[in-house]
Amino acid sequence: MSRFEEDSEVYKMIQENQETRAAPKQSSSFLLLQAALDTDSGPTPHLPSRLSPNAHNPVRSSVATVQNLRTCEKCNTAIVNQAVRIQDDHYRHPACYVCSDCGLNLKMRGHFWAGDSMYCEKHAKERHQAMAARSSQSARY
């Protein structure tokens, strides 16, 4: 028994497709790349600008370049996505915008300075009270 019956519609369709099957059409950019890969002329040849109408123009991207990235004042690394502006020209990553004592994220809470460090409200009060107590003790002597 044969695998296909020669008078079946499926067999006829398969045979017809095999007889009329032409080579697949390739895009012009594929043909250019294929030609560049097929040539054995040493270093990779420069592809013609036909590949892209703006191949000679540099791409202007909306992504920030290395020169204008902000630097986090806490971890001293570049801030790529979101930044929290602390003061003029002072920024932090959202993950670095935390209390210096407890590590509480200060987003939506605000920050307080005590000396050169940033604190949550609770720890800023403690620092302020400690500094006030020290200054009153030194004034007594």
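Right, let's walk through the structure included here. Just so it is clear, the model here is predicted, and its values are computed rather than measured.

**Observations regarding the nonpolar core**
Item 1. Formed by Val 84, Ile 86, Tyr 97, Cys 99, Leu 106, Ala 114, Met 118, Tyr 119, Cys 120 and Ala 124, the largest nonpolar core amounts to 10 residues.
Item 2. Elements with a minimum of two residues in this core: strand E3 (84-87) and strand E6 (117-119).
Item 3. When neighbours within four sequence positions are excluded, Leu 106 is seen to be in contact with Tyr 97, Val 98, Cys 99, His 111, Met 118, Tyr 119 and Cys 120.

**A closer look at the packing of aromatic side chains**
Item 1. Applying the stated criterion to the full structure yields zero aromatic pairs.
Item 2. The residue whose ring lies beneath Arg 70 is Tyr 91, and the NZ or CZ to ring-centre distance is 4.4 Å.

**Observations concerning unusual backbone geometry**
Item 1. Of note in the backbone geometry, Asp 89 takes a positive phi value of approximately 60 degrees without being a glycine.
Item 2. Of note, Asp 89 is situated in the loop between E3 and strand E4 (90-92).
Item 3. Within the chain, Met 108 stands out as a residue other than glycine whose phi angle is a positive 70 degrees.
Item 4. On the secondary structure map, Met 108 appears in the loop between E4 and strand E5 (112-114).

**Things to note about the pattern of salt bridges**
Item 1. All chains considered together, the criterion is met by four salt bridges.
Item 2. A salt bridge links Arg 92 to Glu 73, with the nearest nitrogen and oxygen atoms 3.3 Å apart. Linking Arg 92 in strand E4 with Glu 73 in the loop between strand E1 (70-71) and strand E2 (78-79), this pair joins segments that are 19 residues apart in sequence.
Item 3. Since its relative accessible area comes to 8%, Arg 92 is described here as buried.
Item 4. Given the relative accessible area of 29%, Glu 73 is considered partly exposed.
Item 5. The partner of Asp 88 in a salt bridge is Arg 85, with the nearest N and O atoms 2.2 Å apart.

**Here's the deal with the environment of Gln 82**
Item 1. Mapped onto the elements of the fold, Gln 82 is located in the loop between E2 and E3.
Item 2. Take Gln 82: its relative accessible area is 54%, and that puts it in the exposed class.
Item 3. Separated by 10 residues in sequence, Gln 82 and Arg 92 have C-alpha atoms that sit 8.8 Å apart.
Item 4. Setting aside anything within four residues of it in sequence, one finds Gln 82 in contact with His 93 and Pro 94.

**Some points on a negative patch on the surface**
Item 1. There is a patch of like negative charges on the surface, built from Glu 5, Glu 6, Asp 7 and Glu 9.
Item 2. Here Glu 6 is to be found in the segment before helix H1 (9-20).
Item 3. Here Glu 6 falls in the exposed class, since its relative accessible area comes to 61%.

Reading guide: rules and limits
Residues numbered from 1 in each chain as written. Predicted model: local features only at pLDDT ≥ 70, side-chain atom pairs only at ≥ 80, totals over all residues. Heavy atoms only, no water. Core = buried A, V, L, I, M, F, W, Y, C linked by side-chain atoms within 4.5 Å. Buried < 20%, exposed > 50% of the residue type's maximum accessible area, 1.4 Å probe, protein only. Helix = DSSP H or I, 4+ residues; strand = E, 2+ residues; numbered from the N terminus. Contact = heavy atoms within 4.5 Å. Phe/Tyr/Trp six-rings, centres within 6.5 Å; stacked < 30°, edge-to-face > 60°. Lys NZ or Arg CZ within 6 Å of the ring centre and 35° of its normal. Salt bridge = Lys/Arg side-chain N within 4 Å of Asp/Glu carboxyl O. Patch = residues over 30% accessible without salt bridge, like charges linked within 9 Å, V, L, I, M, F, W, Y side chains within 5 Å. Areas by Shrake-Rupley, 256 points an atom, 1.4 Å probe, with all protein chains shown as cover. Lys, Arg positive; Asp, Glu negative; His and termini not counted. Charge placed at Lys NZ, Arg CZ, Asp CG, Glu CD.

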